[in-house]
Structures are given as C-alpha cells and as structure tokens.
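One-letter residues, chain by chain:
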Amino acid sequence: MPATDPTARPWLDAALPVDTRVELLLAVMTTAEKVGQLHQVANLDADDPDDVATLVAGGVGSSLYASGATAGNERDPGVRREAVDAAQRVAVERSRLGIPVLVARDVVHGHRTVFPIPLGLAASFDDGLVERAAAVAAGEAAADGVRWTFAPMVDLSEDPRWGRVAESFGESPVLSGRLGAAFVRGLQGPSADDLADAGRLAGCAKHFVGYGLAAGGRDYDTVSVGENTLRNLHLRPFRAAVDAGVATVMAGFNDVDGTPMHAHPRLLRDVLRGEWGFDGVVVADWLGVAQLVDQGVAADAREAAALAITSGVDVDMVSGAYAAHLESLVDDGTVATEVLDASVRRVLRLKLRLGLFERPYAATSSPYPATSEPTDATRAVALEAARAAHVVVKNDGVLPLRADATSYLLTGPFVEEGEALLGTWTLDGRGDDVVTPSAAFRHRLGIADDATGERLWVDDGRFADRVQQRARRCDVTVALVGEHPWRSGEANSVTDLGLPPGQLDVLRALAAVGRPLVVVVYTGRPLDLGAVLELADAVTVVWHPGLEAGNALASVLFGDVEPSGRLPVTFPRSVGHVPTSTHQRPTGRPIPAAHDRREGRYLDDLTGPRLPFGFGLSYTSVTYAAPTVSAATAPLGGSVSVRVEVRNTGDRPAPELVQLWLRDPVAQVTRPVAELLDWRRVTLPPGGSRVVEFDVGTDAFTYAGRDGTARVDRGEVVLLTGPHAGDLTPVTVTVV
Ligand code: NOJ
C-alpha cells in the first residue's frame, strides 16, 4: 500500500545523516524487500507487466540497461531518460517504501561523446585529461537517467590475445591506478559529497581481481596467480581506485587458483573491506553468482546465492539467484540476517549518497537537455584525447606530412568509417557523429567535401591491384589498417596478433610501389607489427579513437600538433612471445639486455619485445643525460630527488614523457626487473633543454613481502630514467 503521509517515511528527511536514514529504512523493511535491493535486473521496462509487478512489490534494487551478456560488442538502441524515468516512477510512487531504483549502464569511454578506448586514453599518460573525459561522460549519461557505470576497468593486462586489454589502462599498476583514480574522480566528482550532483555517476572498479591473467588470453578463463603477483601488481590499481573513493567494485568472472572471485571471502572481505576499508557496494558480474554452479563450487543456484553473499557479493547482477533464494536462506538461518542487512545497508547508502531519494527523475533533476548531443566543448575534449592517444612508433622522415605535397592516397577499410572508429563498449555513441579520416583529410587539404582525385585519392583498398595503381600516381600513401572494434573487447580473444586477413597483402602491394608509405594502425590490443614496421616508412598506432578520430589523425600526421602518445602496454614480437611485460621478475640466469639469439630464450627469435612499454616518437629527437640524485642515501620515511636533463636536439617542439623506473635488487621476494614509478610531461622547444626533477619518497619502494604485508627495506634501490622501458639509465640510492 503506497504511503501518502510523508511523516510515515522519516528516511525522506534529507537533513538527517545518511546512516540514520539508512537505519530508519532498514528497520521497516521486510526480508523480501531487503532481498529486492540486492537484485539487479536488465532493462527494466515500465511497459512490461512483470517488471511493474516486481517494482510495486519492492523486488528490484537496480537495473542495468544493456542489450545482453556481451553488450560491448553489439549495437544498442540507446538508453532514454523517458523510459528510465517511467520505471523509476513505478518504484517511487507505487511501491510500499518508495525506494528509487539505481540505473546502471556501461559508460566505459564516453556516452554520446566518445573518447578513445581506455587503452588509448592510457597512451596519453595524462590523468587530468582522463578525469575531464570521465566527467563529460558522467554528465551525458546522467542526463539519460543513468547514475551508475561499470567503469573504470583496472585489470592489468599483459596478454594481447585477451580482447579486454582494449578496456584496460595497460599493464602498469602505477599507470592503471593513477588513471583509474582519475576516472573515478571524473565520474563521481573530486570530493565524496559530489556524488549527490545530478550530473555525477557512481563508478565501479572492475573486475576484482586477476581477470587480466585469464589462461591463454581466453576470456573468462581460469587464473593461476600467487600472492606476490596479486599483491605487488594486480591488487594495486584497485587499491588506488578505492583510495580515490570509488563507490562500487565488481567481482571478476575468473577464479584465483581455484576459488572463484564471486566466492572469495579472503579477497572480497579480508583484503578489500578489511585491509583497505572499502565500504561501498560489491556487485557481481553478469550471471556471475549463478555461474558458481558452472565453476563447480556450488551444486545449484541456492548454494551459489549463499556462497556469494557470505563471501561478500552484495548485488546479484541479473542471475536471479538472490531473488529466488535469499529470503528462504535467511529464514532457515543459512545466511545470517546481519549478512543480508550489511549488504542492503551499502546499497541504500549509495542511493542516498547519489541523492536519488530527493531527485529520482532524470527529467527534472539533470542539468543537461533531454538528449545530450556532443557539443563543441565535449568534442574539444574528445579531440584532445584522440590526439594524446596517437603513438608514432616509426618515422623515417616522411612525417609530418606536408600539406603542399601534390597528391595523397588515403586507403584502407577505415577511410570512410565512423562507427568502426568508436571502439568497443560505445553503447550510446553514434557513427554519424564521428569525423571520418577522409573528411578530415579533405578539410585539412582544403578540398571540397565530395571531391577526390588530383590532390587526394580516397580508396577503401578492397582491390589491391587498383589501389596499387593509384599509389603509383601519388606522392605519399597513407594506409589505415587494423582491427574492427568487435575483434577486441569482451569475449574476443585471438590466437593471431597479426593484422586481420588480407591487410598485409595490400600493404605489401603498396610498399612494392616504392613511394613513401605511412601506415596508421587502429587497434584494441597490441599487435605483432613486425612486417608492418619493415614495409612502411612511418607507422602510428591510434587505437580506436572515438568521435574526433579523423581530426586527430589529420592534425597529428600533418604536424599541426606534435605526437605525444606512449605505449601503455608492451607490443610483443609475436604471439609466441606472450606474455611479454615489463614486470618480469629476475631469474637466476638473466638474459643480457642487448642479446642475440644465442643468449636469448628462444631458438627462433629474439626474446625481448617488438616495441617496449612507454615507447613513442615525436617529430624531433631528444637526448637524456645520466640521472643524478640529491643524495646517495635516503632515510627510511624520507625522500630523495632524482634529476635528469633532457635536450631537444631537433627543430620541432618535443612533448617528451620523461619516465622514472625502479629496480629493487634485493628484497624478500623477487621484484620486477623494472617497474614504472612516475613520469613527467615536458615540452622542450627546438634546441631547448630542461632538468626534470622527481621527488621520490621511500614509500614509493613499498612492496608486499613474503607474508603479504607491506614493507620498505633498507638497502640499495636503483632508480632509472629514460624515454621508455627499453632505454633506461640507472642511478643508485641507499635507503638507510
Ligand atoms: C559483463 C562484463 O564482464 C562487465 O564488464 C560488464 O560491466 C557487465 N557485463 C555489464 O554489462
């Protein structure tokens, strides 16, 4: 029966503290209503009588809007504020307690304004930019009624076969942690109270934890990982997101050495909540609770529900196991009421923090218009991000292109593309909003929209013989190759890291012409670029860049802006080399840095990467002096400053990313051969130099020791500076 007297709902008093309001509400809830708060459904629909009945009964706490289990791979009709508000109205006005529903959607790298995929955003190494992009996404999604997104994904991914590397910030715990935290601040606002702003979203650090280690790079596969690797690598970006105040955490589909993450009390309760103090909501992944049966640790959905909630999973995403069984599990004492209440409290607290009780409807609360179209301002952020993501990995001097060259051939499957440049997980992005490469080239060259020929030939490259013929008549060929976004992302693993079928043949045909060849690679993962690097005069990696793909491409290739992106993940020489990450631990028989095949591990190839982590060129050259330290010793708890002089020896500006790395030669456990610690972006004018200084506290040397606890040791550490993981110069400091 709907309550009409507001005094009958004291929890609606916004002047009361959140926790008081939660307790007032909890005190009047039935077990069924409590269970309802932990039940997440997909695509709640006010026109569906079953959904309405569930809402009226208080049987649903949140709704995800997504087209299916692997929604990032599908086109989606989009989420509409009217539909969301209609369902909300049933919950608020017709259920006994009027608790609003929390509306969720995967807003992963933009909503209507689409930014580069997260791996591309990571190539910027720019947390301020990532924060601004996330804030734009939050505002647009909130305008459509969404208040919770399942992002950022902070799984470290070292295996390019795994399609979800596209959704990650790469392989470094420090980079992923810093960008993940920035993403959280962008979504939720810089301070905890900002979550109540109608233009903010609750974030979700996912997928806790180790999901990026799926065996063989096969999505959803099992994970075998020890405590050292978990604590010193994979848990760290989650810790950073928690420290940044992330509102929710999602459990991973994977197990950790035999214990599925939806049934892992040690990691969910002891580490996440106990050690780190996380008091937000833990949400299951799609069907993750019921899949405990498939994983072989629960006999049926009832057992799965009991196992998941007691292990620390608060919200059941769409499996229905909680809705079907939790009430009786509490009634018969299998699940303690306190366990249920603790989960419900967390959900209610989040809804109150979001201001949902005060402003349940997007139409009346959002500061944005009904349909949030990309604006000049949001496009400007998308352009900045797509430029910052652009990584030049080879340049024999053909770049930057000269706008006065007589003729260009622009070829490859992406030349006229919009939608394919958005990337995986772009549910509300529209291909029509994308500036295509050909449009941007025409604009840059001052050619009318529909004109082709003479100065610019545009050809999708379907006929290698025709395109070869055209290349003969042009000064420079720019070939746009790479993966369609649906080859990366969820459920899309590959065994071959080469270009998609046929593309290399076209590149060979173009290279055979003997004119300058620039190859631009669109990709959601590190590819084996060996043959491409041999064939082309210049190669750039641009990921899937989002709405401003074309403008970003033209502006970097023509040198209107200097290229500044750096690889946030190692590019292996071949799939047989995987995994190849910067975090290899030292062995008893190290491979010399500059090794040949006799000294390496493989008989048939060199052992190191094709392109190292952190690598990327500008249109000039930069030299590094040897680093120096302010003192040879640093007291435990103190700090030391590392200085390095960088010099631009060319005639164009250099946006250099000066990197600081760490090697800890003697510790309780083997530590990575080198680990990224920090970085600074400096822009050096032609001929200019600068001393870059890093202030390094000894807490930066913290690692988890043999018993898993954090420690900093006295003794030598090696700090290294340089332009990328493959070119670092050491200086030693002793912690005393
Ligand atoms: C499954 C994916 O693993 C997860 O990342 C996503 O947030 C959910 N589906 C919801 O779409």
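This structure is a prediction, so every number in the text was calculated from the model and none was measured. (Residues numbered from 1 in each chain as written. Predicted model: local features only at pLDDT ≥ 70, side-chain atom pairs only at ≥ 80, totals over all residues. Heavy atoms only, no water.)

Student: What is the right way to read the overall build of the chain from this model?
Tutor: When helices and strands are counted, the chain shows 21 helices and 27 strands. Over its C-alpha atoms the chain spans a radius of gyration of 26 Å, differing by no more than 12% from the 27 Å that the globule rule assigns to 736 residues. A total of 736 residues make up the chain; the buried ones form 60% of that total. Put simply, 76% of the contacts in the chain that link residues at least 6 apart link residues at least 24 apart. With the model as given, the accessible surface of the chain reaches about 26,300 Å², and the carbon-plus-sulfur share is 50%. Taken as two groups, the 69 positive and 95 negative side-chain charges of the chain have centres that lie 4 Å from each other. (Helix = DSSP H or I, 4+ residues; strand = E, 2+ residues; numbered from the N terminus. Rg over C-alpha atoms; globule rule 2.2 N^0.38 Å. Buried < 20%, exposed > 50% of the residue type's maximum accessible area, 1.4 Å probe, protein only. Contact = heavy atoms within 4.5 Å. Areas by Shrake-Rupley, 256 points an atom, 1.4 Å probe, with all protein chains shown as cover. Lys, Arg positive; Asp, Glu negative; His and termini not counted. Charge placed at Lys NZ, Arg CZ, Asp CG, Glu CD.)

Student: Explanation requested: the UniProt feature "domain: Fibronectin type III-like" (unreviewed entry) in the chain in the structure shown.
Tutor: Using the residue numbers shown here, the UniProt feature "domain: Fibronectin type III-like" (unreviewed entry) corresponds to residues 656-725. Secondary structure over residues 656-725 splits into 0% helix and 59% strand, and the C-alpha atoms at its two ends are 14 Å apart. (UniProt positions renumbered as here; feature names shortened; annotations may be inferred.)

Student: Just checking my understanding: could you explain the site of the ligand for this structure?
Tutor: The environment of the ligand is formed by 13 residues, the closest being Asp106, Arg164, Lys206, His207 and Asp285. Within the contact set of the ligand, an oxygen atom lies 2.6 Å away from a side-chain nitrogen or oxygen of Arg164. When the ligand is considered free in solution it has 290 Å² of accessible area, and contact with the protein chains removes 100% of it. Of the residues in the shell around the ligand, the class split is seven nonpolar, one polar and five charged. (Near = heavy atom within 4 Å. Polar contact = N/O pair within 3.5 Å; in protein donor to acceptor, adjacent residues only side chain to side chain. Nonpolar A, V, L, I, M, F, W, Y, C, P; charged D, E, K, R; others polar.)

Student: Is there a simple way to think about the domain arrangement of the chain in this case?
Tutor: A common way to express how large an interface is: the accessible area buried when the components associate. What the domain assignment lists for the chain is domain 1 (379-577) and domain 2 (617-735). Using C-alpha coordinates to define each centre, domain 1 is positioned 33 Å away from domain 2. Between domain 1 and domain 2, a total of about 1,100 Å² is buried, with carbon and sulfur atoms accounting for 51% of that surface. By the criterion of area lost to domain 2, the three top residues of domain 1 are Glu562, Pro563 and Arg566, representing 55% of everything that side buries. Where domain 1 touches domain 2, the interface holds two salt bridges. The partner of Glu656 in a salt bridge is Arg566, and the shortest N-O contact between them spans 3.4 Å. (Domains from an automatic or database assignment. Buried area = accessible area lost by both parts, 1.4 Å probe. Salt bridge = Lys/Arg side-chain N within 4 Å of Asp/Glu carboxyl O.)

Student: Just checking my understanding: could you explain unusual backbone geometry for this structure?
Tutor: Glycine aside, a negative phi is what most residues show, and trans is what most peptide bonds show. Each neighbour pair has its own omega, and for Ala151 with Pro152 the value is 5°, a cis peptide bond. By secondary structure assignment, the location of Pro152 is in the loop between β4 (148-149) and α7 (173-188). A cis amide bond links Phe208 with the next residue in sequence, Val209, at an omega value of -10°. Within the secondary structure, Val209 sits in the loop between β5 (204-208) and α8 (227-234). Located in the positive-phi region is Trp425, a residue other than glycine, with phi close to 55°. Relative to the helices and strands, Trp425 is located in the loop between β12 (408-411) and α17 (437-445).

Student: It is not clear to me how the packing of α7 against helix α9 (residues 236-243) should be interpreted in this structure. Could you clarify?
Tutor: Between two packed helices, what matters for the description is the angle formed by their axes and the separation of those axes. Here α7 crosses α9 at 25°, and the two axes come no closer than 8 Å. Classified by the angle their axes make, α7 and α9 are roughly parallel. By crossing handedness, the relation of α7 to α9 is classed as right-handed. Contact residues: Pro173, Val174, Ser176, Gly177, Ala181 and Val184 in α7; Arg236, Pro237, Ala240 and Ala241 in α9. Partitioning the contact of α7 with α9 into residue classes produces seven nonpolar, two polar and one charged. (Axes fitted to C-alpha atoms, helices over the stretch in contact; angles between N-to-C directions. Parallel < 35°, antiparallel > 145°, perpendicular 65-115°, else oblique. Left-handed = near helix turned anticlockwise from the far one by under 90°.)

Student: What is the right way to look at the packing of aromatic side chains in this model?
Tutor: Each aromatic ring pair is characterised by the separation of its centres together with the angle its planes make. All told, the structure shown has 14 aromatic pairs when counted by the stated rule. Ring plane angle 80° and centroid distance 5.7 Å describe the contact between Tyr408 and Phe558, whose orientation is recorded as edge-to-face. Placement of Tyr408 in strand β12 and of Phe558 in the loop between α21 (549-557) and β17 (622-624) is noted, with a sequence separation of 150 residues between them. In this structure, Tyr408 and Phe558 share a single accessibility class: buried. (Phe/Tyr/Trp six-rings, centres within 6.5 Å; stacked < 30°, edge-to-face > 60°.)

Student: Quick question: what am I supposed to make of the sheet that holds strand β27 (residues 727-735) here?
Tutor: The strand order across the open sheet formed by five strands is β19-β27-β26-β21-β22, and the pairing between neighbours is mixed. Edge strands, defined here as strands with exactly one partner in the open sheet, are β19 (633-634) and β22 (675-684). Sheet analysis places β19 next to β27, joined by two bridges and oriented parallel. Across the sheet, Ala634 pairs through a bridge with Val735, a residue of β27. (Pairing = 2+ DSSP bridges.)

Student: Any chance you could explain the packing of helix α6 (residues 127-143) against helix α16 (residues 376-389) here in plain terms?
Tutor: Interaxial distance between α6 and α16 falls to 10 Å at its minimum, and their mutual angle equals 140°. In terms of axis orientation, α6 runs oblique to α16. As for how α6 packs across α16, the hand of that crossing is left-handed. Where α6 abuts α16, its residues Leu129, Arg132, Ala133, Val136 and Glu140 lie against Thr378, Val381, Glu384, Ala385 and Ala388. Broken down by class, the residue content of the contact of α6 with α16 amounts to six nonpolar, one polar and three charged.

Student: Hey, could you run me through the sheet that holds strand β9 (residues 281-283) in this one?
Tutor: Strands belonging to one sheet form pairs held by backbone hydrogen bonds; the direction of such a pair is parallel or antiparallel. Read across the sheet, three strands follow the order β5-β6-β9 without closing on themselves; strand pairing throughout is parallel. Every other strand in the sheet has two partners, leaving β5 and β9 as the edge strands with one partner each. This sheet shows a mean twist of 25° between the axes of neighbouring strands, independent of strand direction. As defined by bridge partners, strand β6 (residues 248-251) adjoins β9 across three bridges and the pair is classed as parallel. When the sheet's bridge partners are listed, Met250 is paired in β9 with Val283.

Student: I keep staring at the pattern of salt bridges and nothing clicks. Help me out?
Tutor: A side chain of one charge can pair with a side chain of the opposite charge when the charged atoms of the two come close. Tallied over the full model, the rule gives 51 salt bridges. Close ionic contact of Asp19 with Arg349 constitutes a salt bridge, the shortest N to O distance being 3.2 Å. With Asp19 in helix α1 (residues 18-28) and Arg349 in helix α14 (residues 337-353), this pair connects stretches of sequence that are 330 residues apart. Assessed through its relative accessible area of 22%, Arg349 is described here as partly exposed. Among the ionic pairs, Asp76 bridges to Arg105, the shortest N-O distance being 2.7 Å. Taken together, the residues Asp76 in the loop between β2 (62-64) and α4 (81-94) and Arg105 in strand β3 (residues 102-105) connect sequence positions 29 residues apart. A single burial state applies to Asp76 and to Arg105, both of which are buried.

Student: Looking at this model, I keep getting lost on the confidence of the model for the chain. Mind explaining?
Tutor: Should pLDDT be low for a region, the predicted coordinates there are not to be read in detail. In the predicted model, the chain carries a mean pLDDT of 95, and the fraction of residues at 70 or more is 98%. By mean pLDDT, helix α15 (residues 362-365) is the weakest element of the chain at 81, and β9 is the strongest at 99. (pLDDT = per-residue confidence, 0-100.)

Student: Looking at this structure, how should I read the environment of Ala32?
Tutor: Residue placement: Ala32 occurs in helix α2 (residues 31-37). Each C-alpha atom, one on Ala32 and one on Ala57, is 8.7 Å from the other, the two residues being 25 residues apart in sequence. Residue contacts for Ala32: discarding those within four places in its chain leaves Gly58 and Glu327.

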